[in-house]
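An overview of the molecular structure
These are the residues of each chain, in order.
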Amino acid sequence: MEGILKNSRLFAKEKEDRQAIERYRDILRDLAFLRAQIERVDSNFNMTDDEDLVESYIYESNALAARYRFLLRTAKEQRARLGNVQVPIGITE
């Protein structure tokens, strides 16, 4: 009976670790997507001379930067929760 309880705890821990890894990988995917958006906005900003567009790109850039900082902080916290759990390298969809 004790072995069954121990195995069920290990299974629950493994499932919890897999879910935490998936959350972490989702955050990393979001960060990669945001980096691409930030580059797009910066490129558009540099190619325009219309005052209204310049202003809109500044606001968009600031909003994306705030979201990026939030996700970066969240990723660091999630990674700290994982501790010594091995996280597979690479982001897959």
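**Re the overall build of the protein**
- For the protein, the count of helices and strands is two helices and zero strands.
- Burial statistics for the protein: of 93 residues in total, 19% are counted as buried.
- Sequence-distant contacts in the protein: of pairs separated by 6 or more residues, those separated by 24 or more amount to 73%.
- In the structure as shown, the protein presents an accessible area of about 7,400 Å², 54% of it carried by carbon and sulfur atoms.

**Structural notes on the packing of aromatic side chains**
- Under the criterion given, the structure shown has zero aromatic pairs.
- Just above the ring of Y24 sits the side chain of R79; from NZ or CZ to the centre is 5.9 Å.

**Re a negative patch on the surface**
- A cluster of like negative charges, contributed by D49, D50, E51, D52 and E55, occupies part of the molecular surface.
- Among the structural elements, E55 can be located in helix α2 (residues 51-82).
- Its relative accessible area of 42% is what places E55 among the partly exposed residues.

**Considering the environment of L71**
- For L71, the position within the fold is in helix α2.
- In this view, L71 contacts I27, D30, L31 and L34; residues no more than four positions away in its chain are not counted.

**Details of α2**
- If you check α2, its first and last C-alpha atoms are 46 Å apart, about what 32 residues at 1.5 Å a residue would give, namely 46 Å.
- Immediately beyond the C-terminal end of α2, within one or two residues, lies G83, with a positive phi of roughly 65 degrees.

**A few points about the pattern of salt bridges**
- Tallying each qualifying case throughout the model produces three salt bridges.
- With a closest N to O distance of 2.5 Å, R29 and D26 form a salt bridge. One end of the pair is R29 and the other is D26, both in helix α1 (residues 2-47) and three residues apart, which spans about a single turn.
- Across the pair R40 and E60 runs a salt bridge whose closest N-O atoms are separated by 3.1 Å. Taken together, the residues R40 in helix α1 and E60 in helix α2 connect sequence positions 20 residues apart.

**Regarding the nonpolar core**
- Core analysis: the largest hydrophobic core is formed by twelve residues, namely A20, I21, Y24, I27, L31, L34, V41, Y57, L64, L71, A75 and L82.
- Elements with a contribution of two residues or more to this core: α1 and α2.
- The dominant element in this core, judged by the number of residues it contributes, is α1, at seven residues.
- If sequence neighbours within four positions are ignored, I27 has contacts with L71, T74, A75 and Q78.

Scoring rules and cut-offs
Residues numbered from 1 in each chain as written. Predicted model: local features only at pLDDT ≥ 70, side-chain atom pairs only at ≥ 80, totals over all residues. Heavy atoms only, no water. Helix = DSSP H or I, 4+ residues; strand = E, 2+ residues; numbered from the N terminus. Buried < 20%, exposed > 50% of the residue type's maximum accessible area, 1.4 Å probe, protein only. Contact = heavy atoms within 4.5 Å. Areas by Shrake-Rupley, 256 points an atom, 1.4 Å probe, with all protein chains shown as cover. Phe/Tyr/Trp six-rings, centres within 6.5 Å; stacked < 30°, edge-to-face > 60°. Lys NZ or Arg CZ within 6 Å of the ring centre and 35° of its normal. Patch = residues over 30% accessible without salt bridge, like charges linked within 9 Å, V, L, I, M, F, W, Y side chains within 5 Å. Salt bridge = Lys/Arg side-chain N within 4 Å of Asp/Glu carboxyl O. Lys, Arg positive; Asp, Glu negative; His and termini not counted. Charge placed at Lys NZ, Arg CZ, Asp CG, Glu CD. Expected span 1.5 Å × (residues − 1). Core = buried A, V, L, I, M, F, W, Y, C linked by side-chain atoms within 4.5 Å.

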